[in-house]
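Given next are the chains, with one letter for each unit.
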Amino acid sequence: MPPPCPFDPELEALLKAAPPEYTATLTPDTLPAVSEAYSKPTLTVDEFIGDRPIQAADYTLPDYQGAEIAIPAFARKDRRSTARAPAFYYLHGGGTVMGHRLIERRVPAPVRRDVRRRAGCRRVTAYLAPKRPDPVPVEDCYAGLVWLAAQGEKLGFDPKRIMIAGASAGAGIAAGVTLLARDRAGPHIAWQLLSGPMLDDRNTTLSSRQYASLGVWNAASNQTAWAAVLGERLGGPHVSIYAAPARALYSDTGLANLPPTHIEAGSAEVFRDEVVAFANGIWAAGGRADLHIWAGGFHGFDLWGYPRLAQETLAARYSWVRRMVEWDPVSESFEVPWN
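A few points on the structure.

Reading the values: rules and limits
- Residues numbered from 1 in each chain as written.
- Predicted model: local features only at pLDDT ≥ 70, side-chain atom pairs only at ≥ 80, totals over all residues.
- Heavy atoms only, no water.
- Helix = DSSP H or I, 4+ residues; strand = E, 2+ residues; numbered from the N terminus.
- Buried < 20%, exposed > 50% of the residue type's maximum accessible area, 1.4 Å probe, protein only.
- Contact = heavy atoms within 4.5 Å.
- 1 Å grid on protein atoms, 1.4 Å probe; cavity = no way out; pocket = protein on both sides within 12 Å on 5 of 7 lines; lining within 4 Å.
- Points joined across faces, edges and corners; volume = space filled by probe spheres on them.
- Nonpolar A, V, L, I, M, F, W, Y, C, P; charged D, E, K, R; others polar.
- Polar contact = N/O pair within 3.5 Å; in protein donor to acceptor, adjacent residues only side chain to side chain.
- Phe/Tyr/Trp six-rings, centres within 6.5 Å; stacked < 30°, edge-to-face > 60°.
- Lys NZ or Arg CZ within 6 Å of the ring centre and 35° of its normal.
- Pairing = 2+ DSSP bridges.
- Salt bridge = Lys/Arg side-chain N within 4 Å of Asp/Glu carboxyl O.
- Expected span 1.5 Å × (residues − 1).
- Core = buried A, V, L, I, M, F, W, Y, C linked by side-chain atoms within 4.5 Å.

A tally of helices and strands in the protein chain yields ten helices and ten strands. Here the protein chain, with 339 residues, has 58% of them falling under the buried criterion. For the protein chain, the share of sequence-separated contacts (at least 6 apart) that also reach a separation of at least 24 residues comes to 76%.

Quick look at empty space enclosed by the protein now. Using the criterion set out here, one finds three cavities of 30 Å³ or more in the structure. Its volume calculated, the largest cavity comes out at about 120 Å³. Along the walls of the largest cavity sit Thr-96, Asp-134, Pro-137, Val-138, Ala-169, Gly-172, Ile-173, Met-198, Trp-226, Val-229, Tyr-242 and Ala-243, which together make up its complete lining. Broken down by element, the residue count for the lining of the largest cavity peaks at three residues, all from helix 6 (residues 169–183). Counted by class, the lining of the largest cavity contains nine nonpolar, two polar and one charged residues.

Here the focus is the environment of Thr-30. Within the secondary structure, Thr-30 sits in the loop between helix 1 (9–17) and helix 2 (31–38). Note: C-alpha distance between Thr-30 and Thr-224 (194 residues apart in sequence) is 9.9 Å. Separated by 2.9 Å, the side chain of Thr-30 and the backbone nitrogen of Thr-27 make a polar contact.

Scanning all chains against the criterion turns up four aromatic pairs. A connected cluster of aromatic rings, assembled from ring pairs, spans Phe-7, Tyr-22, Phe-298 and Trp-304. Directly above the aromatic system of Tyr-142 lies the positively charged group of Arg-184, at a separation of 4.8 Å from the ring centroid.

Looking down a regular strand, the side chains alternate between one sheet face and the other. In terms of residue burial, strand 3 (residues 87–91) counts as a mostly covered element, since five of its five residues are buried. Side-chain alternation along strand 3 places Ala-87, Tyr-89 and Leu-91 on one buried face and Phe-88 and Tyr-90 on a second face that is also buried. Here strand 3 runs beside strand 5 (residues 162–167); their pairing, made up of five bridges, is parallel. Bridge pairing in strand 5 places Phe-88 opposite Met-163.

What follows concerns the side chain of His-262. By secondary structure assignment, the location of His-262 is in strand 7 (residues 261–266). Here Glu-264 takes part through its side chain, which lies 2.8 Å from a polar atom of the side chain of His-262. The contact partners of His-262, leaving out residues within four places of it in the chain, are Gln-192, Leu-193, Leu-194, Asp-290, His-292, Ala-316, Arg-317 and Trp-320.

Evaluated as defined, the whole model comprises 13 salt bridges. With a closest N to O distance of 2.9 Å, Asp-201 and Arg-247 form a salt bridge. Here Arg-247 lies in the loop between helix 8 (219–230) and strand 7 and Asp-201 lies in the loop between strand 6 (191–195) and helix 7 (206–210), a separation of 46 residues in the sequence. With respect to burial, Asp-201 and Arg-247 carry one shared label: buried. Taking the shortest distance from any N to any O, the salt bridge between Asp-273 and Arg-272 comes out at 2.7 Å.

Compared with the 18 Å implied by 1.5 Å per residue over 13 residues, the 18 Å span of helix 9 (residues 272–284) between its first and last C-alpha is a close match. Three or more residues of helix 9 are buried, namely Arg-272, Glu-274, Val-275, Phe-278, Ala-279, Gly-281 and Ile-282. For helix 9, the elements touching its buried residues are helix 6, strand 6, helix 7, strand 7 and strand 8 (289–294). Taken from the residues just after helix 9, Gly-286 is the one with a positive phi, measuring 80°.

Now for unusual backbone geometry. In terms of backbone geometry, most residues other than glycine have negative phi values and most peptide bonds are trans. In this chain, Asp-134 is followed by Pro-135 through a cis amide linkage whose omega measures 10°. Relative to the helices and strands, Pro-135 resides in the loop between strand 4 (120–124) and helix 4 (136–149).

A word on the side chain of Gln-210. Positionally, Gln-210 belongs in helix 7. For Gln-210, a relative accessible area of 9% puts it in the buried group. The residues contacting Gln-210, other than those within four sequence positions of it, are Pro-2, Pro-3, Pro-4, Cys-5 and Arg-272.

A few words on the nonpolar core. Formed by 90 residues in total, the largest nonpolar core has its most connected members in Met-163 and Val-177. Top contributing element to this core by residue count: helix 6, with nine residues. Excluding residues within four positions of it along the chain, Met-163 makes contact with Ala-87, Phe-88, Tyr-89, Trp-191, Leu-193, Trp-320, Val-321, Met-324 and Val-325.

Put into structure tokens, the structure is as follows:
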């Protein structure tokens, strides 16, 4: 077994003090209980918002199979309408087997102060495997994108300025939705932000071997989750590029014609090498990608908030967001500085 990259010392100390479930391996036997425990919000929407100047509204729309998807929309209370306002479409993580729409409050950029007063955020619940396996998660989230793109006038944003974003499995689904939007000629996605994306069902990279049973969300947990999503197709030739976007690297179109992409992972996590390969695939196709591999970061370390490496990660991420949406914090407007 190849030696693993070390954890950042501050993160390692936090991980050692964390409850054991943070590093427990997900197995087929433990999956039902873990999914049940982590798929229900522990906060109300008001508690989730806290003292932040944010308002929320709930919308429903038909999903891939004709049932309903719930999409909460968040916007600043002091938000001012503008023709160039972007929208942020956020997909939560949880290995596609757990999670809920209010998870990961630190990840969606617009609910923080980074793009003041003008942007809005919509979050969708990616319905969970194995009860709703592939292609349901990516198709449900694509349906949400189609709905969102038609709401520009009602919700006050430019439908040509949608950023799709996600963390972990949500980031992998976001990458799949972006490929679907490319291949179905819309809706238009202007940018994608992929934090620690779950991209490859094959579990064959060097980082998969380094973190076979180590760290947060190890390769064994990853295998369990992918099996819930794909069933008997796991690792075989009949997995679509939309379910496992890493497979697009070897498709006829590759990763051509994707929007500018921010993609990141820790050096001490299972997804590191598939993230690097995905960025390389975008560059090989002549695209734009900002790649960040954070030395010593385990999976999801940025959600811990206060460690120095997490703070640096968030600062870099939100700097990229501001640059992409052309946000000028001085004039508090969306401007193209070189015009």
